[in-house]
Number of protein chains: 2
Amino acid sequence: MTYCLGIVLKAGLVMASDSRSNAGVDQVANVRKQTLIATPGERVISILTAGNLATSQAVVTRLTQAVGSGQPGEDIALASNLFDVARMVGERLREVMDKDGKFVKPYGDATSSFLVGGQIRGEPPRLFQVYPAGNVIEATDRSCFLQIGETKYGKPILDRTLTPDSPLDEAAKVALLSFDATLRSNLSVGPPIDLFIYATESFTAAGLQTLEEANPYWRALRTAYGEGLMALVESLPRPPPNP
Amino acid sequence: MTYCLGIVLKAGLVMASDSRSNAGVDQVANVRKQTLIATPGERVISILTAGNLATSQAVVTRLTQAVGSGQPGEDIALASNLFDVARMVGERLREVMDKDGKFVKPYGDATSSFLVGGQIRGEPPRLFQVYPAGNVIEATDRSCFLQIGETKYGKPILDRTLTPDSPLDEAAKVALLSFDATLRSNLSVGPPIDLFIYATESFTAAGLQTLEEANPYWRALRTAYGEGLMALVESLPRPPPNP
């Protein structure tokens with residue numbers, strides 16, 4: 001399994017991915033599920049992947065290899081908007097599925113899904129999800145985050161706290177709390193977390209950090225949240241006595 | 001879908017169920033998914049149901065009709081312990097599946113699952129889950145709650161706050177917060193909530209209440225929790241600046 005989360009705000013983007021890859025519980029590895037493709041000063045694109053690892057790596061490799069090729073429809077560095085980039089991811093996915101899908105099927109699910117977030121000069125930051133069918137949806141101001149993989153455990157905290165006006169570092173905090181909820185309940189989601197915090201109009205990939213489980217900030221955040229939540233629940237009104 | 005939750009504590013039990021039944025999004029009804037079978041002063045048993053409604057109603061009807069029949073293995077009022085009650089639920093489920101399963105299969109999933117919580121004099125409160133196969137597991141002091149139906153959205157708050165030593169009204173509060181998280185994210189889980197709060201050694205079914213969405217206590221709880229969580233997240237340490 002996997003957990004990837006994208007958040008799009010007026011202030012920027014938060015893109016986060018876990019690192020666990022597994023084929024059964026007895027075959028576990030750490031992989032990077034976030035790829036940044038950037039032209040400093042002009043465009044920054046983060047691609048997060050879930051699903052079949054061979055498929056998602058093949059898609060990302062085709063995309064990164066085509067950067068600088070000058071081929072329209074293949075070279076992300078030429079795309080004038082992020083919608084076109086998301087569609088390119090979908091196209092590469094369809095190509096890989098055409099080539100590998102029928103061979104992989106006897107062994108399991110060959111499909112992958114993707115989150116594509118970023119900013120291309122001239123546009124605000126945008127965020128898309130690419131489905132296994134290769135079609136795409138975009139996050140809107142009524143649903144400013146998208147998730148792929150194990151999405152449910154980490155969703156309530158996002159629903160309760162995020163709006164498109166949330167400050168960037170607040171959203172990054174909430175993203176880590178969402179990952180913590182998921183990590184506690186699903187063994188097939190695991191650290192480290194690749195966390196990319198992107199400020200609108202900065203056009204730089206510098207905001208990517210990798211948080212190990214023992215990261216002092218993440219530990220302090222987890223502890224303070226756990227204790228704060230216990231105190232909050234205790235402070236809430238008690239149910240009325242039985243009728 | 002459905003969400004049912006059982007919590008077993010030293011102080012007693014909390015058993016809670018939603019009310020939505022649906023066959024697709026265009027055919028929705030309210031049903032009661034909690035049944036209490038009690039002999040005041042001696043035993044109180046709550047049965048929560050998820051899955052195929054015809055199957056779960058058939059199982060519960062067989063169980064309630066057999067109360068007072070004096071038939072060992074069928075009359076819950078004769079069972080000397082809650083394990084035997086949970087096994088009886090499993091037996092009735094197997095009988096119903098034997099009878100109806102093959103007819104229902106062309107239309108969808110015929111199976112159901114159950115939570116069985118309660119206390120029989122001479123035992124502490126106990127809580128069991130009955131699987132679609134009719135076999136059962138018991139909650140322990142390392143996992144003092146069990147869930148059936150749409151379990152994921154409402155699990156993190158339970159993981160973070162419940163222990164076997166939690167006071168009964170704290171656990172009831174947390175149960176309602178867990179339902180709130182689930183209701184927000186899954187349209188096929190809906191109010192009212194049937195909430196049974198049982199104090200150890202009370203041997204009474206009086207603690208059953210039905211909370212409509214507009215229930216003043218539940219509304220106040222939701223609001224206070226939402227506001228408190230926003231304030232908590234804001235108070236947490238911010239991420240360090242990018243490396």
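Below is a short write-up of the structure. (Residues numbered from 1 in each chain as written. Chains lettered and ligands numbered in written order. Predicted model: local features only at pLDDT ≥ 70, side-chain atom pairs only at ≥ 80, totals over all residues. Heavy atoms only, no water.)

Examining helix 1 (residues 53-65) of chain A
The α-helix winds at 3.6 residues per turn, so residues separated by three or four positions along the chain end up facing the same way. All names here are of chain A. Here helix 1 is 13 residues long and its end C-alpha atoms lie 18 Å apart, about the 18 Å a rise of 1.5 Å per residue gives. Burial in helix 1 covers these residues: Thr55, Ser56, Val59, Val60 and Leu63. Seen end-on, helix 1 carries its buried residues on one side only, within an arc spanning 125 degrees. Exposed side of helix 1, more than 90 degrees from the buried face: Ala54 and Gln65 are the residues found there. The elements touched by buried residues of helix 1 are strand 5 (34-39), strand 6 (43-51), helix 2 (82-104) and strand 7 (112-120). Where helix 1 begins, the capping side chain belongs to Asn52, and its oxygen is found 3.0 Å from the backbone nitrogen of Ala54. (Helix = DSSP H or I, 4+ residues; strand = E, 2+ residues; numbered from the N terminus. Expected span 1.5 Å × (residues − 1). Buried < 20%, exposed > 50% of the residue type's maximum accessible area, 1.4 Å probe, protein only. Arc of directions from axis to C-beta. Contact = heavy atoms within 4.5 Å. Polar contact = N/O pair within 3.5 Å; in protein donor to acceptor, adjacent residues only side chain to side chain.)

With respect to the interface of chain A and chain B
At the interface, 40 residues of chain A touch 40 residues of chain B. Buried area between chain A and chain B, summed over both chains or domains, comes out near 4,300 Å², and the portion from carbon and sulfur atoms is 63%. Where chain A packs against chain B, one counts 6 salt bridges. A:Lys152 is paired through a salt bridge with B:Glu150; the nearest N and O atoms lie 2.8 Å apart. On inspection of chain A and its partner chain B, the count reaches 18 residue pairs in polar contact (both at pLDDT 80 or more). (Buried area = accessible area lost by both parts, 1.4 Å probe. Salt bridge = Lys/Arg side-chain N within 4 Å of Asp/Glu carboxyl O.)

Side note on the pairing of strand 1 (residues 3-9) of chain A
Residue and element names in this part refer to chain A. Buried residues dominate strand 1, accounting for 7 of its 7 residues. Of the two faces of strand 1, both are covered, the one formed by Tyr3, Leu5, Ile7 and Leu9 as well as the one formed by Cys4, Gly6 and Val8. Alignment of strand 1 against strand 10 (residues 145-149), held across 5 bridges, turns out to be antiparallel. Along strand 10, the bridge assignment pairs Leu5 with Gln147. In the sheet, strand 1 pairs with strand 2 (residues 12-17) via 6 bridges, with the strands oriented antiparallel. Paired with Ile7 across the bridge in strand 2 is Val14. Linkage of strand 1 to strand 2, two consecutive antiparallel strands, is achieved through a turn of 2 residues. (Pairing = 2+ DSSP bridges.)

A short note on the relation of the copies chain A and chain B
Overlaying chain A on chain B yields an RMSD of 0.0 Å, the required transformation being a rotation through 180 degrees with an accompanying axial translation of 0.0 Å. Look at the turn and shift together and you get a two-fold axis relating the two. No C-alpha of chain A lies nearer the rotation axis than that of A:Tyr153, which sits 2.5 Å from it. (Least-squares fit on C-alpha atoms with pLDDT ≥ 70 in both.)

Thoughts on the packing of helix 1 (residues 53-66) of chain B against helix 2 (residues 82-104) of chain B
Two measures define how a pair of helices packs: the angle their axes make with one another and the distance between the axes. Residue and element names in this part refer to chain B. Direction vectors running N to C along helix 1 and helix 2 enclose 125 degrees, while the axes themselves pass 9 Å from each other. Viewed along their axes, helix 1 and helix 2 adopt a mutual orientation that is oblique. Between helix 1 and helix 2 the crossing geometry is right-handed. In contact with Thr55, Ala58, Val59, Arg62 and Leu63 of helix 1, helix 2 contributes Met88, Val89, Arg92, Leu93, Glu95, Val96, Met97 and Lys99. Taken together, the residues of the contact of helix 1 with helix 2 break down into 8 nonpolar, 1 polar and 4 charged. (Axes fitted to C-alpha atoms, helices over the stretch in contact; angles between N-to-C directions. Parallel < 35°, antiparallel > 145°, perpendicular 65-115°, else oblique. Left-handed = near helix turned anticlockwise from the far one by under 90°. Nonpolar A, V, L, I, M, F, W, Y, C, P; charged D, E, K, R; others polar.)

Details of the environment of B:Ala77
Residue and element names in this part refer to chain B. With respect to the helices, strands and loops of the structure, Ala77 is situated in the loop between helix 1 and helix 2. With relative accessibility at 25%, the residue Ala77 sits in the partly exposed group. Sequence spacing of Ala77 and Ala38 is 39 residues, and the spatial spacing of their C-alpha atoms is 8.1 Å. Beyond its immediate chain neighbours, meaning those up to four positions away, Ala77 contacts Glu42, Arg43 and Val67.

Things to note about the packing of helix 4 (residues 168-185) of chain A against helix 5 (residues 216-235) of chain A
All names here are of chain A. One way to put it is that helix 4 packs onto helix 5 with a least axis distance of 10 Å and a crossing angle of 75 degrees. Relative to helix 5, the element helix 4 is oriented roughly perpendicular. The segment helix 4 lies against helix 5, with Lys173, Leu176, Leu177, Asp180 and Leu183 engaging Tyr217, Trp218, Leu221, Arg222 and Tyr225. A class-by-class count of the residues in the contact of helix 4 with helix 5 yields 7 nonpolar, no polar and 3 charged.

Some remarks on the pattern of salt bridges
Taken as a whole and judged by the stated rule, the model has 30 salt bridges over all chains. Its salt-bridge partner being B:Lys155, residue B:Asp159 comes within 3.0 Å of it at the nearest N-O pair. Remark: B:Lys155 and B:Asp159 occur in helix 3 (residues 155-161); sequence separation between them is 4 residues, near one turn of the helix. Within the structure, one salt-bridge network assembled from shared partners comprises A:Arg62, A:Arg92 and A:Glu95.

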